[in-house]
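Remarks on the overall topology
Listed below are the residues making up each chain.
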Amino acid sequence: MSPAPTDATFSLVPVPPGRATPLVFASPHSGGLYPEDMGATEGLSVASLRSAEDAAVDRLLGAGAAAGAVLIAGRIGRAYVDLNRAPEELDPTLIDGVSATPPPGLKTQAGYGVIPRLAGDGAPLYDRRLTREEAVGRIARMHQPYHEALGGLMRAARRRHGRAILVDWHSMPSRATGPNGPDVVLGDRHGTSCATDLTRRLRALFEAMGWRVALNRPYAGGYATQLWGRPEEGFEAMQIELNRRLYWDEASGGPSVGWGRCQSGLNRVVAALGEDFA
């Protein structure tokens with residue numbers, strides 16, 4: 001595992017002077033750093049450890065800055081701490097001293113709380129229970145700084161432009177929707193987290209490239225979308241899930257032959273979205 005100092009929680013790609021828009025791009029699950037103190041089960045493969053990561057999504061968003069969207073990208077691996085889960089979503093099955101009453105959310109019960117119990121492929125991450133102090137320490141060192149930075153970006157965008165729009169970028173394994181499933185899932189919390197015009201615009205942009213688009217199924221938007229989806233306060237949020245079959249070889253763990261085409265398509269979407277808010 002690679003060491004991950006506290007200041008490696010996230011990275012920022014700023015916007016060139018004079019180009020800022022209300023757009024804030026985030027990629028919370030593209031990180032691949034795992035501190036030694038994780039103490040994962042002996043023999044866990046690297047492929048399992050990293051199976052929940054949104055592989056290289058931050059790299060696909062290289063056109064964001066030129067289009068006026070600042071990018072915040074998580075660097076810490078999702079199996080260590082999930083930056084898109086609420087900090088109170090602690091798993092009593094994994095962590096000592098955590099009450100099961102009231103029961104945690106369904107994702108946490110399934111093994112995917114803020115400190116995951118299972119890898120993305122379902123493999124157990126630990127052969128031990130974590131102390132509450134371990135869990136709270138990870139959240140304080142990794143989760144809290146990321147969300148403080150994201151919050152600062154959102155508030156600054158609203159001050160400058162009167163509104164702030166979070167686009168929270170993710171990827172989904174091809175098995176999640178099957179061979180005939182969507183290429184892109186837009187999550188707007190069933191029409192509550194952003195203006196309907198934004199949802200329609202993004203759908204039209206992706207469909208113009210021939211990509212199949214679904215709305216809110218199976219992903220309606222996670223913690224960040226819920227947290228910042230407050231249009232009545234000038235904060236809007238949209239979660240975008242890209243099907244990994246568009247750009248990633250899930251067997252080899254590297255870019256597929258579709259990488260260039262996918263990145264070119266995303267560049268067009270991002271550029272058009274930036275023009276809308278320029």
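As shown above, the structure is provided for reference.
Residues numbered from 1 in each chain as written. Predicted model: local features only at pLDDT ≥ 70, side-chain atom pairs only at ≥ 80, totals over all residues. Heavy atoms only, no water.

1. A look at the environment of L266
Structurally, L266 can be placed in helix α7 (residues 259-277). It is 7.4 Å that separates the C-alpha atoms of L266 and L60, two residues lying 206 residues apart in sequence. Excluding residues within four positions of it along the chain, L266 makes contact with L60, W169, F206, W211 and L242. (Helix = DSSP H or I, 4+ residues; strand = E, 2+ residues; numbered from the N terminus. Contact = heavy atoms within 4.5 Å.)

2. Structural notes on the nonpolar core
Formed by 39 residues in total, the largest nonpolar core has its most connected members in M38, I115 and L166. Counting residues per element, the ones that place at least two in this core are β2 (23-27), β3 (70-74), α4 (132-161), β4 (164-172), α6 (223-228) and β7 (235-243). The biggest single contributor to this core is α4, with 9 residues. The next biggest cluster of nonpolar side chains, apart from the first, holds 37 residues, and it includes L71, V167, W169 and C194. (Core = buried A, V, L, I, M, F, W, Y, C linked by side-chain atoms within 4.5 Å. Buried < 20%, exposed > 50% of the residue type's maximum accessible area, 1.4 Å probe, protein only.)

3. Re α7
Three- or four-residue spacings in an α-helix give side chains the same orientation, since the helix completes a turn every 3.6 residues. Between its first and last C-alpha, α7 extends 27 Å over 19 residues, near the 27 Å set by a 1.5 Å rise per residue. Within the sequence span of α7, burial applies to W259, C262, G265, L266, V269, V270, A272, L273, G274 and F277. (Expected span 1.5 Å × (residues − 1).)

4. Regarding unusual backbone geometry
In this structure, P102 follows T101 across a cis peptide bond, with omega equal to -5 degrees. Within the fold, P102 resides in the loop between β3 and α3 (106-109). A cis geometry characterises the amide bond from R217 onward to P218, with omega recorded as 5 degrees. Here P218 is to be found in the loop between β6 (213-215) and α6. One non-glycine residue, A56, adopts positive backbone phi at about 60 degrees. Tracing the sequence through the fold places A56 in the loop between α1 (46-49) and α2 (57-60). For A56, a relative accessible area of 9% translates into the label buried. Positive phi outside glycine occurs at H190, with the angle close to 60 degrees.

5. So, the packing of helix α5 (residues 196-207) against α7
It is the contact of α5 with α7, at a shortest axis distance of 10 Å, that shows an interaxial angle of 145 degrees. As for how α5 packs across α7, the hand of that crossing is right-handed. Note on element contacts: α7 touches α5 through L266, V269, A272, L273, D276 and F277, opposite L198, R201, L202, L205 and F206. Looking at the contact of α5 with α7, its residues break down into 9 nonpolar, no polar and 2 charged. (Axes fitted to C-alpha atoms, helices over the stretch in contact; angles between N-to-C directions. Left-handed = near helix turned anticlockwise from the far one by under 90°. Nonpolar A, V, L, I, M, F, W, Y, C, P; charged D, E, K, R; others polar.)

6. Overview of a positive patch on the surface
On the surface, R155, R158, R159 and R160 cluster together into a positively charged patch. Topologically, R160 is positioned in helix α4. A residue is classified by how much of its surface remains accessible, and R160, at 51% relative accessible area, is exposed. (Patch = residues over 30% accessible without salt bridge, like charges linked within 9 Å, V, L, I, M, F, W, Y side chains within 5 Å. Areas by Shrake-Rupley, 256 points an atom, 1.4 Å probe, with all protein chains shown as cover. Salt bridge = Lys/Arg side-chain N within 4 Å of Asp/Glu carboxyl O. Lys, Arg positive; Asp, Glu negative; His and termini not counted. Charge placed at Lys NZ, Arg CZ, Asp CG, Glu CD.)

7. Thoughts on the sheet that holds β6
Strands belonging to one sheet form pairs held by backbone hydrogen bonds; the direction of such a pair is parallel or antiparallel. With respect to topology, 7 strands assemble into an open sheet ordered β1-β3-β2-β4-β7-β5-β6, the strand pairing being mixed. Of all strands in the sheet, those bounded by a partner on one side alone are β1 (10-13) and β6. Geometrically, the sheet is characterised by an average inter-axis angle of 20 degrees between neighbouring strands, direction not taken into account. Both β1 and β3 contribute to a ladder of 4 bridges, which runs antiparallel. The partner of F10 across the bridge, within β3, is G74. (Pairing = 2+ DSSP bridges.)

8. Description of the pattern of salt bridges
All chains considered together, the criterion is met by 14 salt bridges. The partner of R163 in a salt bridge is E236, and the shortest N-O contact between them spans 2.6 Å. Separated by 73 residues along the polypeptide, R163 in the loop between α4 and β4 and E236 in strand β7 bring together distant segments of the chain. Residue R230 pairs with E233 through a salt bridge whose shortest N-O separation is 2.9 Å.

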